[in-house]
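Listed below, chain by chain, are the residues.
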Amino acid sequence: MDKYNIDAEGDGTEHDHLSSSLHTPLREDAFKMTDDLKIELIEKHFREIMHILGLDLADDSLQGTPHRVAKMYVKEVFRGLNPHNKPAAKLFLNRFGYNQMLVERDITLYSYCEHHFVPIIGKAHVAYIPEKHVVGLSKLNRIVQYFAHRPQVQERLTMQIAEELKAMLFTENVAVYIEADHLCVMSRGVHDVSSSTITTEYAGLFQQEQYRNEFLAYIHKR
Ligand SMILES: [Zn+2]
């Protein structure tokens, strides 16, 4: 099996038509280790990094940092790597026949740039036009958080959210819009504190101008 094409989402969905870049590059043995063992090993290596930087690990302010960082990586900021943490889809039949757009806007987004391991901070706006199924609103937020809690590039994050919404809602009619600041751009490199990055994915009806414009009007309306 191509290591970049494993079913990282754990949902058994095959995305043959999509490039391998849609998938987070995970090894097949990614979850053979327990979380506890991962934390123990990362802690050891992070202590080494701090030591090499010349920090005194005996200082009581620094002592607990390797363990805190290891636990934060495995249990919090990168918990979306593990398919077991994927939110279960609980759908409802669209009994009321709602066939207009539903927009969930201003979803707070915290992710991590996979090139520098520093935060990406922004907002996600997602929308869908239901067919036979609707979903609880908090689920849309959870899907965004699940894919954000991985080392990411914003383009892939946007596409992963869109693909998951399509598969979960049994419709192509989904839109995802992410605007985010990358701390690797703001705090280092070109030190640009005012630029932000926008990525979008429009599928199904959202490829038509009228639906796309309606979506954009909702998310820009204050
Ligand atoms: Zn970066």
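Note that the structure is predicted; figures quoted are calculated from it, not measured.

(A) Structural detail: the coordination of the zinc ion. Within the protein, the atoms that donate to the zinc ion are Cys 113 (SG), His 116 (ND1) and Cys 184 (SG), at distances of 2.1 to 2.3 Å. Taken in sequence order, the residues that donate to the zinc ion follow the motif C-x2-H-x67-C. In this pair, His 116 sits in the loop between β2 (102-113) and β3 (119-128) while Cys 184 sits in helix α5 (residues 183-186), placing the two residues 68 residues apart along the sequence. The class for His 116 is partly exposed, based on a relative accessible area of 37%.

(B) Seen up close, the pairing of β2. In terms of strand pairing, β2 meets β3 through 9 bridges, oriented antiparallel. Counterpart to Leu 102 in the pairing with β3 is Tyr 128. Linkage of β2 to β3, two consecutive antiparallel strands, is achieved through a turn of 5 residues, within which Phe 117 is found at a positive phi near 55°. Both β2 and strand β5 (residues 151-152) contribute to a ladder of 2 bridges, which runs parallel. Among the inter-strand pairings, Tyr 112 is bridged to a residue of β5, identified as Pro 151.

(C) Geometry of the side chain of Lys 38. Position of Lys 38 among the secondary structure elements: in helix α1 (residues 35-52). Here Lys 38 sits buried without a salt bridge, and the closest side chain of opposite charge, Asp 35, lies 5.4 Å off (N-O distance). What Lys 38 contacts, discounting residues up to four positions off in sequence, is Ala 30, Phe 31, Met 33 and Val 74.

(D) Structural detail: the nonpolar core. Core analysis: the largest hydrophobic core is formed by 28 residues, its most contacted members being Leu 109, Val 126, Tyr 128, Ile 161, Leu 165 and Ile 178. For this core, the secondary-structure elements that each account for two or more residues are β2, β3, β4 (133-135), α3 (137-148), α4 (154-169) and β6 (174-182). If we skip the residues at most four places from it in the chain, Ile 178 touches Leu 109, Lys 123, Ala 124, Gln 154, Leu 157, Thr 158, Ile 161, Thr 197, Ile 198 and Thr 199. Core analysis: the second largest hydrophobic core is formed by 9 residues, Ala 127, Ile 129, Phe 206 and Ile 219 among them.

Parameters at a glance
- Residues numbered from 1 in each chain as written.
- Predicted model: local features only at pLDDT ≥ 70, side-chain atom pairs only at ≥ 80, totals over all residues.
- Heavy atoms only, no water.
- Donors = N, O, S within 2.8 Å, 3.2 Å for Na, K, Ca; no water.
- Helix = DSSP H or I, 4+ residues; strand = E, 2+ residues; numbered from the N terminus.
- Buried < 20%, exposed > 50% of the residue type's maximum accessible area, 1.4 Å probe, protein only.
- Pairing = 2+ DSSP bridges.
- Lys, Arg positive; Asp, Glu negative; His and termini not counted.
- Salt bridge = Lys/Arg side-chain N within 4 Å of Asp/Glu carboxyl O.
- Contact = heavy atoms within 4.5 Å.
- Core = buried A, V, L, I, M, F, W, Y, C linked by side-chain atoms within 4.5 Å.

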